[in-house]
Amino acid sequence: MPIGMKEAFDVAGMQTTGGLLRRKGFFQHKDAEAVRKLKAEGAIILGKTNTPELCFCQETDNKLYGRTNNPHDVSRTAGGSSGGEAALIAAGGAAVGLGSDIGGSIRFPSHFNGVIGFKSGKGQVSSEGSYPAVEEGLQERMLGIGPIAKTVRDARLLYSIVAKTPPMKKSLHDFTINVLPKTGYPLSLETAHLLDSIYADLSREFNTEREVPPYFEDSAGLWQEIMSIGGAEGPKREAFGAQPSQPLQEYVKERMTGKADIHRYLSWALIGASLFKPSANRIKKITKFIEHGDHILEGYLHGHILVLPVYHTGAAKHGAVYNEIFSLKKTFQQYLPYVAYANVWGLPALTVPVGIDGNGMPVAVQLISKNGNEEALFELGEWLERHYAGYRRALL
């Protein structure tokens, strides 16, 4: 089976650079654990696919390899950080691939490119050999590794190979499917109409409701604080290597001359992490809040599947998504709740294309539940494929 591989995963004989100029030529001698499992089942890795620098952004551009475009419209973003992988599969360049997601990094590209993407729940897939390594506990639980594919069937197969525990059989009729109602957060008319249609169609066969799930409005703020723990000192060290860590100087240099070694997307994100670094006391409060929320959601999601948007629009012009998420005005609080929910609470999430927007770009929804309910997500995803758009190859 010919597959693609996100550049973040070590593959013996191939480079892992994180998109950094300083890491050009960093060839690996050992496969990441997930890669090892796929190779053992006959996967043939065609090559590695582009990411933003250090996977630290929801748009794919870096100083080493350049920008990845959306194959449905090259003037628009492919998303990130698994943008290269999703764009490759959208264009028909590989059968399936592997991505990772700590802040929508599988789901943004899957939504923008019109492919299937599955973010695993906390601890379900080994992150050994994934670069950069995530070592802080609250951040590690947000990371999910999983397939990007053309069909839910293929995503299910790949997940069954890389997962530590195979998914258990579930019946959709044992669940209440909760389609997110209208909220105060931005959402395009096309996406809102698709959610209404999905709810109406699901209600004919399953138990359904429309309620805002527990902790939904807390998740974007928590995600931003957790990602800023330690002021992103680890990513700074990786970005600058033996050189002094000077993200502000690099950002100014790039804006003035275009000749910095670090892409402005990364340097600006590192500046933001330093500005919003939570105190030790705040981290203790976040930890207690997460522990309590885990307990509540374990019970709630035992019998619930959530249907949420991925983003408020389809793929925007290059740079627009970055400006919305990394603004000092904290506009991420308006645009990130949909994806941050699954990361903060360490939940599995399946992204499935369901339509197109007014620009002809794909629109997807994500299906979320708890660890152990993955098979129910795949079953509901296949139901959506039968009734809605599903994957359609981009014609370049």
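As the structure is a computational prediction, the values presented were derived from the model and not from experiment.

Caption draft 1: How the structure looks around the layout of surface pockets. A volume near 1000 Å³ is recorded for the largest pocket. Around the largest pocket sit 45 residues that line it, and Phe-56, Ile-102, Gln-139, Met-227 and Pro-235 are the ones nearest its centre. The set of elements that each furnish at least two residues to the lining of the largest pocket consists of β5 (96-101), α4 (137-140), α7 (219-227), α8 (233-240) and α10 (264-275). Sort the elements by how many residues they give to the lining of the largest pocket and α8 lands first, with 5 residues. Looking at the lining of the largest pocket residue by residue, the classes come out as 23 nonpolar, 14 polar and 8 charged. Around the second largest pocket sit 13 residues that line it, and Phe-240, Gln-243, Glu-250, Asp-261 and Ile-262 are the ones nearest its centre.

Caption draft 2: Main features of the pairing of strand β11 (residues 349-356). Extensive coverage of β11 is indicated by the burial of 7 of its 8 residues. Direction of pairing for strand β6 (residues 116-119) relative to β11: antiparallel, over a ladder of 3 bridges. Opposite Phe-118, over in β11, you have Leu-350 as the bridge partner. Pairing between β11 and strand β12 (residues 362-368): 7 bridges, direction antiparallel. Paired with Gly-355 across the bridge in β12 is Val-363. Taken together, β11 and the strand that follows it, β12, pair antiparallel across an intervening segment of 5 residues, in which Gly-360 is found at a positive phi of about 80°.

Caption draft 3: Region of interest: the environment of Thr-208. Within the secondary structure, Thr-208 is located in strand β9 (residues 207-209). According to the relative accessible area criterion, Thr-208 is partly exposed, its value standing at 22%. Distance from Thr-208 to Gly-184, taken between C-alpha atoms, is 22 Å for residues 24 residues apart in sequence. For Thr-208, the contacting residues outside a window of four places in its chain are Thr-176, Ile-177, Tyr-199, Leu-202 and Ser-203. Polar side-chain contacts of Thr-208 include one of 2.8 Å to the side chain of Ser-203.

Caption draft 4: Up close: empty space enclosed by the protein. Overall, the coordinates contain 1 cavity of 30 Å³ or more when judged by the stated rule. If you add up the space inside the largest cavity, you get close to 30 Å³. Looking at the largest cavity, the residues that line it are Pro-52, Glu-53, Phe-56, Cys-57, Asp-61, Tyr-265 and Leu-266.

Caption draft 5: Spotlight on a nonpolar patch on the surface. The grouping of Leu-248, Val-252 and Met-256 at the surface amounts to a nonpolar patch, some 310 Å² of accessible area in total. Secondary-structure assignment places Val-252 in helix α9 (residues 247-257). Taking relative accessible area as the criterion, Val-252 reaches 37% and is therefore assigned partly exposed.

Caption draft 6: Up close: the packing of aromatic side chains. Applying the stated criterion to the full structure yields 17 aromatic pairs. Between Tyr-265 and Tyr-322, the aromatic rings sit 4.1 Å apart at their centres with planes inclined by 15°, giving stacked as the arrangement. Remark: Tyr-322 occurs in helix α12 (residues 320-325) and Tyr-265 occurs in helix α10; sequence separation between them is 57 residues. Taken as a pair, Tyr-265 and Tyr-322 share a single burial class, namely buried. Each member of the aromatic cluster is reached from another via a ring pair, and the members are Phe-108, Phe-112, Tyr-311 and Tyr-335. It is Arg-23 that lies over the ring of Tyr-131; its NZ or CZ is 4.0 Å from the centre. Against the face of Tyr-199 rests Arg-210, its NZ or CZ located 5.3 Å from the ring centre.

Caption draft 7: Summary view of the nonpolar core. Counting residues in each nonpolar core, the largest one holds 59 residues, and the members touching the most others are Phe-56, Leu-266, Ile-325, Leu-336 and Trp-345. Per element, the largest residue contribution to this core is 6 residues, and it comes from helix α14 (residues 337-344). Apart from the residues lying within four places of it in its own chain, the contact partners of Leu-336 are Phe-108, Ala-220, Trp-223 and Ile-325. By size, the runner-up hydrophobic cluster in this structure holds 47 residues, among which are Ala-34, Phe-175, Ile-305 and Leu-367.

Caption draft 8: Structural detail: the packing of helix α1 (residues 33-40) against helix α5 (residues 152-162). As a packed pair, α1 and α5 sit with axes 9 Å apart at the nearest point and diverge in direction by 115°. Looking at the two axes, α1 sits roughly perpendicular to α5. Crossing angle aside, the handedness with which α1 passes α5 is right-handed. Seen from α1, the contacting residues are Ala-34, Lys-37 and Leu-38; seen from α5, they are Leu-158, Ile-161 and Val-162.

Caption draft 9: Quick look at the pattern of salt bridges. By the definition in use, this model includes 17 salt bridges. Put simply, Glu-382 and Arg-156 hold a salt bridge, and the shortest N to O gap is 2.9 Å. Of the two residues, Glu-382 sits in helix α15 (residues 374-387) while Arg-156 sits in helix α5, which places them 226 residues apart along the sequence. We classify Glu-382 as partly exposed; its relative accessible area is 22%. Among the residues examined, Arg-156 registers a relative accessible area of 18% and is labelled buried. A salt bridge links Lys-370 to Glu-298; its shortest N-O distance comes to 2.7 Å. Of this pair, Lys-370 sits in the loop between β12 and α15 while Glu-298 sits in helix α11 (residues 280-300), placing them 72 residues apart in sequence. Overall, Lys-370 belongs to the buried group, its relative accessible area being 11%.

What counts, and where the lines are drawn
Residues numbered from 1 in each chain as written. Predicted model: local features only at pLDDT ≥ 70, side-chain atom pairs only at ≥ 80, totals over all residues. Heavy atoms only, no water. 1 Å grid on protein atoms, 1.4 Å probe; cavity = no way out; pocket = protein on both sides within 12 Å on 5 of 7 lines; lining within 4 Å. Points joined across faces, edges and corners; volume = space filled by probe spheres on them. Helix = DSSP H or I, 4+ residues; strand = E, 2+ residues; numbered from the N terminus. Nonpolar A, V, L, I, M, F, W, Y, C, P; charged D, E, K, R; others polar. Buried < 20%, exposed > 50% of the residue type's maximum accessible area, 1.4 Å probe, protein only. Pairing = 2+ DSSP bridges. Contact = heavy atoms within 4.5 Å. Polar contact = N/O pair within 3.5 Å; in protein donor to acceptor, adjacent residues only side chain to side chain. Patch = residues over 30% accessible without salt bridge, like charges linked within 9 Å, V, L, I, M, F, W, Y side chains within 5 Å. Areas by Shrake-Rupley, 256 points an atom, 1.4 Å probe, with all protein chains shown as cover. Salt bridge = Lys/Arg side-chain N within 4 Å of Asp/Glu carboxyl O. Phe/Tyr/Trp six-rings, centres within 6.5 Å; stacked < 30°, edge-to-face > 60°. Lys NZ or Arg CZ within 6 Å of the ring centre and 35° of its normal. Core = buried A, V, L, I, M, F, W, Y, C linked by side-chain atoms within 4.5 Å. Axes fitted to C-alpha atoms, helices over the stretch in contact; angles between N-to-C directions. Parallel < 35°, antiparallel > 145°, perpendicular 65-115°, else oblique. Left-handed = near helix turned anticlockwise from the far one by under 90°.

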